[in-house]
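# A structural walkthrough
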Amino acid sequence: MRTRQLLGGIALGGAMLVGTAAAPAQAAAPVPTTAAGGWTMSIGGPIRSCASANCGTVSQTMYGDDIYWTSSLINSAGNRWYRVTYPASGYIYCGNITEPC
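Residues numbered from 1 in each chain as written. Predicted model: local features only at pLDDT ≥ 70, side-chain atom pairs only at ≥ 80, totals over all residues. Heavy atoms only, no water.

This part takes up the packing of aromatic side chains. Applying the stated criterion across every chain, the model contains 4 aromatic pairs. Each ring, one from W39 and one from Y68, has its centre 5.1 Å from the other, and the planes form 65 degrees; the classification is edge-to-face. Of this pair, W39 sits in strand β1 (residues 38–48) while Y68 sits in strand β2 (residues 57–74); the two residues are 29 residues apart in sequence, bridging distant segments of the chain. Overall, the relative accessible area of 29% leaves Y68 in the partly exposed class. (Phe/Tyr/Trp six-rings, centres within 6.5 Å; stacked < 30°, edge-to-face > 60°. Helix = DSSP H or I, 4+ residues; strand = E, 2+ residues; numbered from the N terminus. Buried < 20%, exposed > 50% of the residue type's maximum accessible area, 1.4 Å probe, protein only.)

We now examine the nonpolar core. Core analysis: the biggest nonpolar cluster contains 9 residues, these being I47, I67, W69, Y82, V84, A88, I92, C94 and I97. Secondary-structure elements contributing two or more residues to this core are β2 and β3 (80–86). If we skip the residues at most four places from it in the chain, V84 touches I47, I67, Y68, W69, S89, G90, Y91 and I92. (Core = buried A, V, L, I, M, F, W, Y, C linked by side-chain atoms within 4.5 Å. Contact = heavy atoms within 4.5 Å.)

Considering every residue of the protein chain, the mean pLDDT works out to 78; 65% of them sit at 70 or more. Taken as a whole, residues 6–33 scores under 50 in pLDDT and shows 8 contacts with residues more than four places along the chain or in a different chain. (pLDDT = per-residue confidence, 0-100.)

Bringing the pairing of strand β4 (residues 90–93) into the picture now. Examined bridge by bridge, β3 and β4 share 4 bridges and lie antiparallel to one another. Within β4, the residue paired with V84 across the bridge is G90. Following β3, the chain reverses through 3 residues before pairing antiparallel with β4. (Pairing = 2+ DSSP bridges.)

The structure is reproduced here in structure tokens:
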């Protein structure tokens, strides 16, 4: 009986530790981009006229397209957008290129 209680306590304690260890990683804030721009690769998506999903499409990119960005910003919704100058001038959402969000 004591062995079963001890093993049950170890299993419960291990589950609690795993849950506790995972929480800080999930709550970590995104790391801001410190680079001043450069080449990146598109994974597909539109280049928009402003830093919002509601803005008009300037150009559509395909997977593997080369993109040149000059800066990034966080819009009012908290999303990171990159200012691009090639292949078109506008903004592309961070989830559509290989740069970090």
